[in-house]
Amino acid sequence: MPDTSVLNVCYIPRQCGLLTDDEINLTENYTACQLVTLLAQGHLKAEQVIRAYLKRAGIAHQLTNCATEFLGEEAIDRAKYLDEEFRRRGGPIGPLHGLPISVKDMIPMHGRRNDSGWMKWIDQIAEDDAHILKILHAAGAIFYVRTNQPQTLMHIECDSAIFGTTQNPFNRNLSSGGSSGGEGALLGLKGSIMGIGTDIGGSIRAPAANNGVYGLKPTTFRIPLQGFKVAQLGRESIIAVTGPLARSREDLDLFMKTILDAQPWLKEPSLVPIPWRSIELDSTKLTVAVMWDDNVVHPHPPITRALRETIDYLKKSGIQIIDWEPIDHQKCWDIASALYFCNGAEEELDLMADVGEQPLPLTEWIHNQPNVKKRTWLEMNQLIFEREVYRSCYAQTWNEREISFNCSIDCLLTPVEPSAAPLHGTSKWWGYTSAWNLLDYPTVIFPVTTVDLVKDQVEVDYKPRNTLDSENYKLYTSPQVYVNAPVGLQIVCRRYNDEKALKCLEIIERAMGRK
């Protein structure tokens, strides 16, 4: 194992001697779409693929503490079954035949521990698989590892009181993000090709951005949540979503199409009956609105540079760029943080107090937001009314700006966080991601660049606007602190325009010279 002074460990899996050349090739050089094609054609065996990913995931865990449980025996047995079924049928059992998928620990698996980030629930055993797992299993997927998550699940960090902190493989002084941070680190080390995360304030998107991979936060009520057990079960003030993290944009599409082709709304009636749609966009008529700053917490230099360089590519491709003035994102956070805990965090505090679990600093931070308090039924309804007023205001402003600019604004391009992967314990401002949870807009994350020691110098003349902005500004003492950290950006579309978000990503990446 490398010394703790070794920060970037991304090269170790391929150089440590534990993987064969074939295993390195399988885990590094194929997308999920390519793998399922080769498996469906009989060019690869499911057992061959799962053994490679199990080995690489084991290495990744030793380097970053990203896993909570390995399902090796079951995964290999499943792969052998799939190979036998392929031989018997003469083809695959489904669209994901033999595809390894990693799973965030909170997602229930039959007969497995299901603590959802709470020490009190550490002996709780799931009685059934979550609905989403049943769909993916029927499609031919193989679940082989469960991944780390933070205390309470309400951190943009992955610091578990049960399993410890997950480190960022590009710089182990930095956060892997949260709450799906185990997934992010595992994908960043290519120990997974596709993972399942959840998101109520940035929990898919921060890990994707921090680890240089892709992530999709769908609109609510498209992807199943049935079977989950969390604190405040049944809460509808802000709805969590399930979504994919992957190493290519096409794999996000594969995940969504596989789930929605199964018509999950027939079993889970809260879901909207919208299939995964194929859409076309004319890249020559695309308009991208850029939000440089949310006017609450100013982004660090690597984030601004990532925006600037991406926009340069888009302009050269003839894509129209306009600036997007944020619409009172401080108010958005005030509403969202209150809606997360209309119970004043009473249930969460009780769950910890019952077993003497001490709240971690980021748990205390989110529980102590100024608008967090126990509300009456009438007060909660008033807060939800404020949410709807804010949503209407945002939609109306979007409409007005389309009239003003005489064009359709196809998507927004924004930061994911105010910094590249942040130092452990400093991920406090969720505003760049939680805003879209409150608005229920689909967003997709894509990797852009890494911190540059020459280009990303400190903004010495910047004057912070508030306490949190000042705290964030002071963290960026030098680009060296964030050396090697990936930088991702976020594409935002209107509600239930998930397919459009991925199509916008395709056009943007092609403008950047990617396939």
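Here the structure is shown first, and the text comes after it.
Residues numbered from 1 in each chain as written. Predicted model: local features only at pLDDT ≥ 70, side-chain atom pairs only at ≥ 80, totals over all residues. Heavy atoms only, no water.

Draft legend 1. Region of interest: the packing of helix H9 (residues 249–261) against helix H17 (residues 498–511). Two numbers describe how H9 lies on H17: the axes approach to 10 Å, and their chain directions differ by 165°. Comparing the axis directions of H9 and H17 gives the class roughly antiparallel. When the axes of H9 and H17 are compared, the crossing they make is left-handed. Contact residues: H9 offers Arg249, Leu252 and Asp253, while H17 offers Leu502, Leu505, Glu506, Glu509 and Arg510. Here the contact of H9 with H17 is composed, by residue class, of three nonpolar, no polar and five charged. (Axes fitted to C-alpha atoms, helices over the stretch in contact; angles between N-to-C directions. Helix = DSSP H or I, 4+ residues; strand = E, 2+ residues; numbered from the N terminus. Parallel < 35°, antiparallel > 145°, perpendicular 65-115°, else oblique. Left-handed = near helix turned anticlockwise from the far one by under 90°. Contact = heavy atoms within 4.5 Å. Nonpolar A, V, L, I, M, F, W, Y, C, P; charged D, E, K, R; others polar.)

Draft legend 2. Expanded view of the side chain of Arg401. Looking at where Arg401 falls in the secondary structure, it is placed in helix H14 (residues 377–405). Every residue in contact with Arg401, bar those within four places of it in the chain, is listed here: Trp324, Glu325, Ile327 and Ile409.

Draft legend 3. Up close: the packing of aromatic side chains. With the rule as written, the count across this model stands at 17 aromatic pairs. Consider the rings of Tyr340 and Phe341, whose centres lie 6.4 Å apart with planes at 65°: the pair is edge-to-face. Each member of the pair, Tyr340 as well as Phe341, carries the same accessibility label: buried. In this structure, Lys229 packs its charged tip against the face of Trp121, placed 4.7 Å from the ring centre. Across from the ring centre of Trp324, 4.5 Å away, lies the NZ or CZ of Arg401, which sits over that ring. (Phe/Tyr/Trp six-rings, centres within 6.5 Å; stacked < 30°, edge-to-face > 60°. Buried < 20%, exposed > 50% of the residue type's maximum accessible area, 1.4 Å probe, protein only. Lys NZ or Arg CZ within 6 Å of the ring centre and 35° of its normal.)

Draft legend 4. Seen up close, the pairing of strand S3 (residues 142–147). Taken across its six residues, S3 has six buried, putting it largely inside the fold. Bridge analysis of strand S1 (residues 67–70) against S3 gives three bridges, and the strand direction is antiparallel. Paired with Glu69 across the two strands is Arg146, which belongs to S3. Direction of pairing for strand S2 (residues 100–104) relative to S3: parallel, over a ladder of four bridges. Following the sheet pairing, Pro100 is matched in S3 by Ile142. (Pairing = 2+ DSSP bridges.)

Draft legend 5. Molecular detail of the pattern of salt bridges. In this structure the tally under the stated criterion is 37 salt bridges. The salt bridge partner of Arg205 is Asp199, with a shortest N-O separation of 2.8 Å. Each member of the pair, Arg205 as well as Asp199, carries the same accessibility label: buried. Salt bridges sharing partners connect three or more residues here, namely Glu69, Glu74, Asp105, Arg112, Arg113, Asp115 and Arg146. (Salt bridge = Lys/Arg side-chain N within 4 Å of Asp/Glu carboxyl O.)

Draft legend 6. View of H17. For H17, spanning 14 residues, the distance from its first C-alpha to its last is 20 Å, which sits close to the expected 20 Å at 1.5 Å a residue. Among the 14 residues of H17, 12 are classified as buried, and the element is accordingly described as predominantly covered. The complete set of buried residues in H17 reads Asp498, Glu499, Lys500, Ala501, Leu502, Lys503, Cys504, Leu505, Ile507, Ile508, Glu509 and Ala511. In the segment just after H17, Gly513 is the residue with positive phi, at about 90°. (Expected span 1.5 Å × (residues − 1).)

Draft legend 7. Main features of helix H12 (residues 346–353). For H12, the complete set of buried residues consists of Glu348, Leu351 and Met352. Taken around the axis of H12, the buried residues stretch over an arc of 95°, which confines them to a single face. Looking at the buried residues of H12, the elements they touch are helix H13 (361–367). (Arc of directions from axis to C-beta.)

Draft legend 8. Focus on the pairing of strand S13 (residues 486–492). Counted residue by residue, S13 has seven buried out of seven residues, so it is predominantly covered. The alternating pattern of S13 places Pro486, Gly488, Gln490 and Val492 and Val487, Leu489 and Ile491 on opposite faces, both of which are buried. Strand direction decides the pairing type here: strand S11 (residues 411–415) and S13, joined by four bridges, are antiparallel. Bridging from a neighbouring strand, Leu413 pairs with Ile491 of S13.

Draft legend 9. Spatial organisation of the sheet that holds S13. An order of S1-S3-S2-S6-S8-S7-S12-S13-S11-S9-S10 is seen for the 11 strands of this open sheet, with the pairing classed as mixed. For this open sheet the edge positions go to S1 and strand S10 (320–323), each flanked by a neighbour on one side alone. On average, adjacent strands in this sheet sit at an angle of 30° to one another, irrespective of strand direction. Sheet topology places strand S7 (residues 214–217) next to strand S8 (residues 241–246); two bridges connect them, and they run antiparallel. Opposite Gly215, over in S8, you have Leu245 as the bridge partner. The sheet strands contacting H9 are strand S6 (194–199), S7, S8 and strand S12 (443–450), and the helix crosses S8 at an angle near 140°. Sheet contacts for helix H10 (residues 301–316): strand S9 (287–290), S10, S11, S12 and S13; angle to S13, the most-contacted strand, approximately 60°.

Draft legend 10. Representation of the environment of Asp105 within the structure. Looking at where Asp105 falls in the secondary structure, it is placed in the loop between S2 and helix H6 (131–138). Along the backbone, Asp105 and Ile196 are 91 residues apart, and their C-alpha atoms lie at a distance of 9.5 Å. Among residues more than four places away in sequence, those in contact with Asp105 are Thr68, Arg113, Asn114, Asp115, Arg146, Thr147 and Gln149. Separated by 2.6 Å, the side chains of Asp105 and Thr68 make a polar contact. (Polar contact = N/O pair within 3.5 Å; in protein donor to acceptor, adjacent residues only side chain to side chain.)

Draft legend 11. Quick look at the nonpolar core. Among the nonpolar cores identified, the biggest contains 101 residues, and Ile132, Leu136 and Phe446 are the most heavily contacted of them. With 10 residues, the single largest contributor to this core is helix H4 (residues 46–64). Residue contacts for Ile132: discarding those within four places in its chain leaves Ile107, Ile196, Ile223, Pro224, Thr242, Phe255 and Ile259. Tyr340, Phe341, Trp365 and Tyr441 belong to the second largest nonpolar core, which has 41 residues in total. (Core = buried A, V, L, I, M, F, W, Y, C linked by side-chain atoms within 4.5 Å.)

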